Amino acid sequence: MSERKRLLIVAHAPSPNTQALRDAAADGARHPDLEAVEVTVKPPLEAGPDDVLACDAILLGTTENLGYMSGALKDFFDRSYYACLEQTQGLPFAFYIRAGHDGTGTRRAIESITTGLRWRLVQDPLICRGDYDPAFEDQCRELGLYLAAGLDAGLF
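These notes cover the structure that comes with them. (Residues numbered from 1 in each chain as written. Predicted model: local features only at pLDDT ≥ 70, side-chain atom pairs only at ≥ 80, totals over all residues. Heavy atoms only, no water.)

It is worth spelling out helix 4 (residues 104–117) at this point. Counted at 1.5 Å a residue, the expected span for helix 4 with its 14 residues is 20 Å, and the 20 Å between its end C-alpha atoms agrees. Looking only at helix 4, the buried set comprises G105, T106, A109, I110, I113, T114 and L117. Projected onto a plane normal to the axis of helix 4, the buried residues spread over an arc of 160° and lie on a single side. Those residues of helix 4 that are exposed and angled more than 90 degrees off the buried face are R108, S112 and T115. Tucked into the core, helix 4 has its buried residues touching strand 3 (57–65), strand 4 (68–69), helix 3 (71–84) and strand 5 (92–99). R118 lies just past helix 4 and shows a positive phi near 65°. (Helix = DSSP H or I, 4+ residues; strand = E, 2+ residues; numbered from the N terminus. Expected span 1.5 Å × (residues − 1). Buried < 20%, exposed > 50% of the residue type's maximum accessible area, 1.4 Å probe, protein only. Arc of directions from axis to C-beta. Contact = heavy atoms within 4.5 Å.)

Time to look at unusual backbone geometry. Not every positive phi belongs to a glycine, and L66 is a case in point at roughly 55°. Mapped onto the secondary structure, L66 falls in the loop between strand 3 and strand 4. In this model, R118 sits at a positive phi of 65°, which is unusual for a non-glycine residue. The topology assignment puts R118 in the loop between helix 4 and strand 6 (120–121). R118 sits in the partly exposed class, given a relative accessible area of 44%.

Between its first and last C-alpha atoms helix 5 (residues 135–152) spans 25 Å; for 18 residues at 1.5 Å apiece the expected length is 26 Å, and the two agree. Buried residues of helix 5: F136, C140, L143, G144, L147, A148, G150 and L151, and no others. Taken around the axis of helix 5, the buried residues stretch over an arc of 160°, which confines them to a single face. At its buried positions, helix 5 is contacted by strand 1 (5–11), helix 1 (16–29), strand 2 (37–42), strand 3, strand 5 and strand 7 (126–129). With its phi angle positive at about 75°, G154 sits one or two positions after the end of helix 5.

Before going further, it helps to examine the packing of aromatic side chains. Overall, the coordinates contain six aromatic pairs when judged by the stated rule. Note on F76 and F77: the rings are 5.5 Å apart at their centroids and 50° apart in plane angle, and the pair reads as tilted. The two residues F76 and F77 agree in class, both being buried. Measuring from centroid to centroid gives 6.3 Å for F77 and W119, while their planes differ by 50°, and the two rings are tilted. In this pair, F77 sits in helix 3 while W119 sits in the loop between helix 4 and strand 6, placing the two residues 42 residues apart along the sequence. Here the two residues F77 and W119 agree in accessibility, since each one is buried. Members of the aromatic cluster, joined through ring pairs, are F76, F77, F93, F95 and W119. (Phe/Tyr/Trp six-rings, centres within 6.5 Å; stacked < 30°, edge-to-face > 60°.)

Moving on: the environment of A36. Relative to the helices and strands, A36 resides in the loop between helix 1 and strand 2. C-alpha of A36 to C-alpha of I113: the two residues are 77 residues apart in sequence and 29 Å apart in space.

Moving on to the packing of helix 1 against helix 5. At a closest axis distance of 6 Å, the pairing of helix 1 and helix 5 adopts a crossing angle of 35°. Seen from above, helix 1 lies across helix 5 with right-handed handedness. In contact with A20, L21, A24, A25, D27, G28 and A29 of helix 1, helix 5 contributes F136, E137, C140, R141, G144, L145 and A148. Each residue belonging to the contact of helix 1 with helix 5 can be placed in one class, and the counts come to nine nonpolar, two polar and three charged. (Axes fitted to C-alpha atoms, helices over the stretch in contact; angles between N-to-C directions. Left-handed = near helix turned anticlockwise from the far one by under 90°. Nonpolar A, V, L, I, M, F, W, Y, C, P; charged D, E, K, R; others polar.)

Now the structure itself:
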């Protein structure tokens, strides 16, 4: 068996609903058929450059706060950016946003930072807009599953 791939999930989850989204993404990534993927879940304030440098792909999750990403995710990027800049180019990633409005500013901010890092977006961003819908959990589960399955299959 080849070496296990490492998927890092960094998700801001300040409420029961956002915790459910984070947990659904992790559940999808930990699908029992994906034996070659190890999943680590950390809140942004506990994750840092060492975690990014040790992973093979990353899934980001955030709330939309005043048309921007959460302060916690921004802090994660602030602490990790320069330490990871040269060493993580091409890192496969995906992200989801829990947006009470449209998520446009949050998406733009994440894409701007990850473009600077030269990370590679491998799934369309998932924006869970409007009032909370339990279907968001299924969408996050699928996002986690697809990202982990891509790692497992050696697609990235």
